[in-house]
Every structure is written in structure tokens, then in C-alpha cells.
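If you want the building blocks of each chain, they are given just below.
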Amino acid sequence: MNYQWYPGHMTKAKRMMQENMMLVDLVIEILDARIPFSSRNPDIDQLAKGKGRIVLLNKSDLADPKENQKWVRHLENQGVHVLEVNAKSGAGVKNIGSLVERACREKIERDRRRGIVNRPVRAMVAGIPNVGKSTFINSFAGKACAKTGNKPGVTKGKQWIRMGKTLELLDTPGILWPKFEDDTVGMHLAFIGSMNDEILYADELACDLLTCIRERYPGVLTDRYGISEEGSPAQLLEAVAESRKCYARGETLDTKKAAGILLDDFRSGRIGRMTLEVCDEETDL
Ligand code: G4P
């Protein structure tokens, strides 16, 4: 399947980010801890040149704990200010204040020298769709102040959120970039729900996901669905359909329904905590 999605509203959103960049000191980029590499938007690198940067590895509760640690270490070694967080429960979120201070130390010092004290740091919250931007802002602010939703691209318009006296956050809509350099990136984004499901073929997406899970976490499919991990991806999907009693009419297997179950199990973490992208020395984020 051709995994590409760059609807018109994203071009507009990117332009808006570009315009707002001059208003902020810092960019807080939220990544999905299950796919830290593919969830990093290269356009944000270019837009945020010269700004302080923080990377949050969100949905860490859905990712492999050992891999979370490896990614954090790896990014720290590259000089990135990074934190592992779970925006849904709020775990890790309280440590962001000190990270902001570290990332903006130079700016705060510069302000102080000019006699400007207590000017809040202004930060843009950026990330691809569905990565947890609104949930993070709500969790960080301690109240429901940003709209959240399960459809990619649901966060709209410009919203400043004041976090006490020291920080102001600007919420931005989730954006992808015009062309994924390789198909795996697009495929991984589709797995985590950052691409509109309606433009994808559920069966094919599920077959690709089954292939990845079998490769990365052998035994998990057997544990979850009681199926053999031998055979083609299509056979695996049929086995999931049988195991979950997905029948369309009579004896015909409903593989689309099975695909939905598998995707839900993966996205919600019911299938287990998984990181699909392993970091190594070569990985440059
Ligand atoms: P966005 O603004 O970046 O588009 O993402 P949003 O906050 O709307 O979050 C998208 C989905 O991801 C929501 O699920 C949200 O609850 C979930 N989510 C965000 N952060 C985390 C996290 O750290 N861990 C887990 N497990 N889930 C997270 P939803 O199903 O759309 O909504 P809901 O039913 O959970 O409210």
C-alpha cells in the first residue's frame, strides 16, 4: 500500500506555525515512544531553527520500557533535552519545568542581563497528528483547556495556554510532511493512527502490522490470539479472524473486522508494550 497523506489543511497549519515561530522561545516536540524516528517531523527541525528544543517521548506506557530508556539515553547523548512521559496519566509531566529551564537557560540569562525578569518562556507544542499534544497540554495544565480527540488533525486554530507565571504554551495542529522518504515511515505512522484510517485499506494495514509484530516480538501473536506465527501475513490475519470469531456471512471470515480488532489491540497497548523502532548509534534524530 502507498502510505502517503498530506491533506491541504496541513499546508495551512505549517504556514501558521512558521508565522508563529517568531513569537516563541522554545519548541516542545512530542514524539510517539513506539516510533520515535518516524514520528519526528523533519519540517519541524527546519521551522524551529535557532529555537530552544525539548523532545517528549509520549505514550511511553505503550512502548517497551527498555527501549524507552535506550531512546532517552541516545537522544541525551546527542545533546537533546528529552523526557519520557505518559500524558494520559501525567507520569513524567511534572519534570518538564526544569527541562524548560535548562533548554532556555541562555535566553533567561540574556533577559536578566537586559533587566528583564520574570518574562514567561513561550513554547510551541508541536507534533504529528494523534501523538498526544492536547492530552499533554491538559495534563500539564492540570485542567481540560485544550480540545482533545481521536481523529488525526482535530486540534484547530491558535491557542495560548498560560502555565503559571513562568511558561506560556501555544498549541498547534498536528502536521505531517509532504512526502515520506521511505514507506516504512508512512506505514509506522498509519499503525499508530496518525494517518486518516479512511484512506487506508484495513486488511493491508493489518497484514503489515502482523509482519512487524511477528518480527519484533515473536510469540506475542500466539499469546494474544492463540495462533501459529507461521505462514503469510494474510494467513495470520485469517487466523486472528478465526480466533476472534469474525465471520461475515456463514463461514466466510471477516478479515476487515479482524484487522480492526488487531489495530485496536495494538493502539491501546492491549497486545503488550511495543517499540517498533530500535535506536542504534547510527540513528540520527
Ligand atoms: P493530538 O492532540 O496530538 O492529536 O492527540 P490527543 O491529545 O488528541 O491524543 C490522541 C489519543 O492518544 C487520545 O486517545 C489520548 O487519550 C491518547 N493519548 C495521549 N497521550 C497518551 C499517553 O501518554 N498514553 C496513552 N496510552 N494514550 C495517550 P483517544 O482514544 O482519542 O481518546 P480517549 O478515549 O483516551 O480520551
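Refer to the structure presented above.
Residues numbered from 1 in each chain as written. Predicted model: local features only at pLDDT ≥ 70, side-chain atom pairs only at ≥ 80, totals over all residues. Heavy atoms only, no water.

A. Layout of the overall build of the chain. When helices and strands are tallied, the chain shows 11 helices and six strands. In terms of C-alpha radius of gyration, the chain reaches 20 Å, essentially the compact-globule figure of 19 Å for 285 residues. Projected onto its principal axes, the C-alpha positions of the chain cover 75 × 35 × 35 Å. In the chain, which comprises 285 residues, the share counted as buried stands at 50%. The contacts in the chain between residues at least 6 apart in sequence include a share of 69% that link residues at least 24 apart. Of the roughly 14,000 Å² that the chain leaves accessible, carbon and sulfur atoms contribute 48%. Of the charged side chains in the chain, 43 are positive and 40 negative, and the gap between their average positions amounts to 10 Å. (Helix = DSSP H or I, 4+ residues; strand = E, 2+ residues; numbered from the N terminus. Rg over C-alpha atoms; globule rule 2.2 N^0.38 Å. Buried < 20%, exposed > 50% of the residue type's maximum accessible area, 1.4 Å probe, protein only. Contact = heavy atoms within 4.5 Å. Areas by Shrake-Rupley, 256 points an atom, 1.4 Å probe, with all protein chains shown as cover. Lys, Arg positive; Asp, Glu negative; His and termini not counted. Charge placed at Lys NZ, Arg CZ, Asp CG, Glu CD.)

B. How the structure looks around unusual backbone geometry. Residue Lys-59 is not a glycine yet carries a positive backbone phi of 60°. Relative to the helices and strands, Lys-59 resides in the loop between β2 (52–58) and α3 (65–77). Unlike most non-glycine residues, Lys-245 shows phi in positive territory, near 50°. For Lys-245, the position within the fold is in the loop between α10 (233–243) and α11 (255–268).

C. How the structure looks around the pattern of salt bridges. The tally for this structure, following the rule as stated, stands at 16 salt bridges. One salt bridge connects Asp-111 with Arg-119, and the closest N-O pair in it is separated by 3.7 Å. With relative accessibility at 40%, the residue Arg-119 sits in the partly exposed group. Residues joined by salt bridges that share partners form a network here, namely Asp-25, Lys-107, Asp-111 and Arg-119. (Salt bridge = Lys/Arg side-chain N within 4 Å of Asp/Glu carboxyl O.)

D. Looking closely at the pairing of strand β4 (residues 121–127). The buried fraction of β4 is high, at six of seven residues. Note that strand β1 (residues 26–32) and β4 share five bridges and pair parallel. Of the residues in β4, the one forming a bridge with Ile-28 is Val-125. As judged from the five bridges shared by β4 and strand β6 (residues 167–171), these two strands associate in the parallel manner. Bridge assignment links Arg-122 to a residue of β6, and that residue is Glu-168. (Pairing = 2+ DSSP bridges.)

E. The packing of α10 against α11, seen in detail. Taken N-terminus to C-terminus, the directions of α10 and α11 make an angle of 85°; their axes are 9 Å apart at the nearest point. If you check the angle between α10 and α11, you find them roughly perpendicular. On α11, the residues that touch Leu-237, Glu-238, Val-240 and Ala-241 of α10 are Thr-255, Ala-258 and Ala-259. Among the residues making up the contact of α10 with α11, the classes are represented as five nonpolar, one polar and one charged. (Axes fitted to C-alpha atoms, helices over the stretch in contact; angles between N-to-C directions. Parallel < 35°, antiparallel > 145°, perpendicular 65-115°, else oblique. Nonpolar A, V, L, I, M, F, W, Y, C, P; charged D, E, K, R; others polar.)

F. Spatial organisation of the packing of helix α7 (residues 183–191) against helix α8 (residues 202–216). Where α7 contacts α8, the axes come no closer than 10 Å and their chain directions differ by 100°. Viewed along their axes, α7 and α8 adopt a mutual orientation that is roughly perpendicular. For the pair α7 and α8, the contacting residues are Met-187, His-188, Ala-190 and Phe-191 in the first and Leu-205, Asp-208, Leu-209 and Cys-212 in the second. Classifying every residue of the contact of α7 with α8 by side-chain character gives six nonpolar, one polar and one charged.

G. Broad picture of the packing of aromatic side chains. Per the stated rule, a full pass over the model turns up three aromatic pairs. Ring geometry for Phe-136 against Phe-140: centres 5.4 Å apart, planes inclined by 20°, an arrangement best described as stacked. Here Phe-136 and its partner Phe-140 are both found in helix α6 (residues 133–141), four residues apart, which amounts to about one turn of the helix. Note on Phe-136: relative accessible area 1%, which makes it buried. On the basis of an interplanar angle of 80° and a centroid distance of 5.0 Å, the ring pair of Trp-177 and Phe-180 is categorised as edge-to-face. For the pair Trp-177 and Phe-180, a shared accessibility class is recorded, and that class is buried. The lysine or arginine in question, Arg-122, covers the ring of Trp-160, its NZ or CZ lying 4.8 Å from the ring centre. (Phe/Tyr/Trp six-rings, centres within 6.5 Å; stacked < 30°, edge-to-face > 60°. Lys NZ or Arg CZ within 6 Å of the ring centre and 35° of its normal.)

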